[in-house]
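Remarks on the overall topology
If you want the building blocks of each chain, they are given just below.
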Amino acid sequence: MPPRAISIKVAREEDLSSHIGNDGFYFDLVDFDRVRAFQIPDNTTMSRLKEEIAVEFSIPSQFQRLWLFCKRQNGTWRPVRPFSTEENNLSMTSLHKLLSRTFLFLNPDGVKLFLEVLNDSSPQNLSNDDGLVFLKLYDPEQTQIRYIGMLFVKASSRPSDILPKLRSLAGFCADEEMELYEEIKFEPSAMCEAIDANITFSESQIGHGDIICYQKSSKSLSHHAYPSVEIFFKRIHDLKAVVPGEQRKILALEEEVARLKHQSDLQTEKANMECQRFKRERDNAVRQLNELQDQNPQIFLEFPITNLLQATENFSDLCKVGDTEYGRVYKGIIHDTTVAIKLSRSDILFQQEVSILRQGRHPSIVNCIGKCSEVSALVYEWLPNGNLQDHIVCANGSTPLSWQIRTQIIEARSATLVC
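The name an unreviewed UniProt entry assigns to the chain is RING-type E3 ubiquitin transferase, from the organism Triticum urartu.

The subject of this paragraph is the overall build of the chain. When helices and strands are counted, the chain shows ten helices and 16 strands. Computed over its C-alpha atoms, the radius of gyration of the chain comes to 41 Å, more than 25% above the 22 Å expected for a compact globule of 419 residues. Expressed as lengths along the three principal axes of its C-alpha atoms, the size of the chain is roughly 125 × 40 × 40 Å. Counting all 419 residues of the chain, 41% fall into the buried class. Per element, the accessible surface of the chain, about 23600 Å² overall, is 51% carbon and sulfur. With 47 positive and 57 negative side-chain charges, the chain shows a separation of 2 Å between the mean positions of the two kinds.

Judged by pairing direction, the sheet is mixed, and its five strands sit side by side in the order 7-6-10-8-9 without closing on themselves. Each edge of the open sheet is held by one strand with a lone partner, namely strand 7 (144–154) and strand 9 (191–194). Mean inter-strand twist for the sheet, computed between neighbouring axes without regard to direction, equals 30°. Sheet topology note: the strand 8 (residues 178–185)/strand 10 (residues 211–216) ladder contains six bridges and is antiparallel. Note that in strand 10 the partner of E183 across the bridge is I211. Helix 4 (residues 163–170) contacts strand 6 (130–139), strand 7, strand 8 and strand 10 of the sheet and is inclined by roughly 90° relative to strand 8.

This paragraph deals with the pairing of strand 10. With five of six residues buried, strand 10 is to be regarded as a mostly interior element. Looking at chain direction, strand 6 and strand 10 are connected through four bridges and run parallel. Within strand 10, the position partnered with K136 by the bridge is C213.

Below, the discussion takes up the packing of aromatic side chains. On inspection of all chains with the given rule, the structure shows ten aromatic pairs. For the pair F27 and F233, a centre-to-centre distance of 4.9 Å together with 35° between the ring planes defines the contact as tilted. Within this pair, whereas F27 is found in the loop between helix 1 (13–19) and strand 2 (36–41), its partner F233 is found in helix 5 (residues 229–238), the two being separated by 206 residues in sequence. For F233, a relative accessible area of 1% corresponds to the buried category. Ring geometry for F32 and F69: centres 4.9 Å apart, planes at 85°, overall edge-to-face. Here F32 is found in the loop between helix 1 and strand 2, whereas its partner F69 is found in strand 3 (residues 64–71), with 37 residues between them in sequence. Here F32 matches F69 in class, with each residue buried. Clustering of aromatic rings is evident, with ring pairs tying together Y26, F27, Y138, F186, F232 and F233. Sitting above the plane of the F38 ring, R36 keeps its charged end 4.3 Å from the centroid. Over the ring of W77 we find K112; its NZ or CZ atom is 4.3 Å from the centre of that ring.

Our focus in this paragraph is helix 4. Among all positions of helix 4, only L163, L166, R167 and A170 are buried. Down the axis of helix 4, the smallest arc covering the buried residues is 100°, so these residues share one side. Within helix 4, the exposed residues directed more than 90 degrees away from the buried face are P164 and S168. For helix 4, the secondary structure elements touched by its buried residues are strand 6, strand 8 and strand 10. Once helix 4 ends, the next one or two residues include G171, with phi positive near 80°.

Here A271 is to be found in helix 6 (residues 244–295). A271 sits 21 residues away from I250 along the chain, and the two C-alpha atoms are 31 Å apart.

Below, the discussion takes up the pattern of salt bridges. Taken as a whole and judged by the stated rule, the model has 23 salt bridges. The partner of E14 in a salt bridge is R12, with the nearest N and O atoms 4.0 Å apart. By relative accessible area, which is 47% here, E14 ends up partly exposed. Its salt-bridge partner being D210, residue R72 comes within 2.9 Å of it at the nearest N-O pair. Linking R72 in the loop between strand 3 and strand 4 (77–82) with D210 in the loop between strand 9 and strand 10, this pair joins segments that are 138 residues apart in sequence.

Core analysis: the biggest nonpolar cluster contains 32 residues, and L16, I145, V229, F232 and F233 have the highest contact counts within it. Those elements that provide at least two residues to this core are strand 3, strand 6, strand 7, strand 10 and helix 5. For this core, the element with the most residues is helix 5, which contributes four residues. If you look at the next biggest cluster of nonpolar residues, it comprises 20 residues, including V10, I53, L68 and L115.

Calculation criteria
Residues numbered from 1 in each chain as written. Predicted model: local features only at pLDDT ≥ 70, side-chain atom pairs only at ≥ 80, totals over all residues. Heavy atoms only, no water. Helix = DSSP H or I, 4+ residues; strand = E, 2+ residues; numbered from the N terminus. Rg over C-alpha atoms; globule rule 2.2 N^0.38 Å. Buried < 20%, exposed > 50% of the residue type's maximum accessible area, 1.4 Å probe, protein only. Areas by Shrake-Rupley, 256 points an atom, 1.4 Å probe, with all protein chains shown as cover. Lys, Arg positive; Asp, Glu negative; His and termini not counted. Charge placed at Lys NZ, Arg CZ, Asp CG, Glu CD. Pairing = 2+ DSSP bridges. Axes fitted to C-alpha atoms, helices over the stretch in contact; angles between N-to-C directions. Contact = heavy atoms within 4.5 Å. Phe/Tyr/Trp six-rings, centres within 6.5 Å; stacked < 30°, edge-to-face > 60°. Lys NZ or Arg CZ within 6 Å of the ring centre and 35° of its normal. Arc of directions from axis to C-beta. Salt bridge = Lys/Arg side-chain N within 4 Å of Asp/Glu carboxyl O. Core = buried A, V, L, I, M, F, W, Y, C linked by side-chain atoms within 4.5 Å.

And the structure:
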């Protein structure tokens with residue numbers, strides 16, 4: 001029976017680097033539709049295949065270690081084991097018979113392999129304690145993930161043991177806090193779980209072909225649209241129906257929205273802090289003024305007319321709250337404080353009232369904060385419950401004053417406003 005031609009697809013680290021994070025490819029390790037395929041007879045040995053690979057990629061056979069790529073039950077494609085020295089001398093047909101009990105060696109579209117290029121740091125003889133893991137780095141600021149490299153780990157070691165190596169590969173500082181995740185699957189939904197750095201790889205069931213995605217700690221990255229690789233993967237999965245170029249635009253716009261919102265929140269927080277500071281300064285100034293006025297009843301603040309015009313909208317009727325034979329009263333705000341502004345009918349009445357107020361303060365008389373001599377106006381503390389006359393005649397449905405309170409008011413010898 002003549003030999004049958006089969007397709008052997010060989011993925012290299014260069015393929016992983018160029019595929020992951022580009023053109024919408026984020027999950028798994030490589031797009032096999034874009035890797036080099038070798039068409040060889042099924043009686044070709046693995047050693048002969050290595051010779052062809054050496055010619056194609058300029059990598060001598062002695063520096064090649066080929067791994068079998070297999071499809072896992074969850075639908076992902078991962079390297080599961082390297083070929084042994086003995087297997088390198090077997091034909092593809094013999095390898096199929098040998099491995100078919102455990103792995104699906106010949107797929108409908110051929111054989112998928114991973115080419116590891118050996119160097120001085122590569123373990124020559126792999127033991128059952130060795131595991132080949134692949135590393136991806138996630139950058140929340142750029143909403144981008146990229147391939148970093150592969151690493152052999154001991155099943156008995158812990159992820160915390162490789163943190164210095166991961167920091168070095170990513171260019172992080174020596175004390176950078178990091179988070180590690182295992183990329184498990186992406187269909188029908190993305191699944192990415194946090195890795196406990198303090199239990200062994202064996203306990204975490206991490207071994208040959210598994211993918212570790214890592215990043216800076218997301219604690220300080222909450223202002224980004226996708227602060228963790230887990231959230232990023234889920235969002236990418238949601239956008240899988242969108243063409244790759246549009247995916248990047250959507251991610252960039254969402255990150256820009258998150259950035260602007262963070263800036264807005266910071267500015268709002270800063271403004272609130274400034275507002276609180278101004279309120280404290282105002283309260284402190286009012287307290288000091290009250291103390292000074294208690295000690296020196298004759299002291300009044302002198303307000304410029306601009307303050308009064310602004311507070312009353314140029315003495316608008318909309319701000320007027322009272323009108324008597326002695327003057328008109330307006331409600332306004334000066335320096336964030338609500339006040340009552342009494343515009344005297346004449347300068348004589350104004351001077352008389354100032355003279356009386358300078359004689360001292362009384363608990364039953366509303367506090368005078370200051371005056372504006374330009375328009376013969378007095379600025380009083382605002383008391384929201386109306387004037388004495390309204391309470392005596394029960395205007396606006398106010399509760400009638402008891403005779404005891406009326407007597408106290410008479411004894412107090414007048415008050416213009418009451419609390």
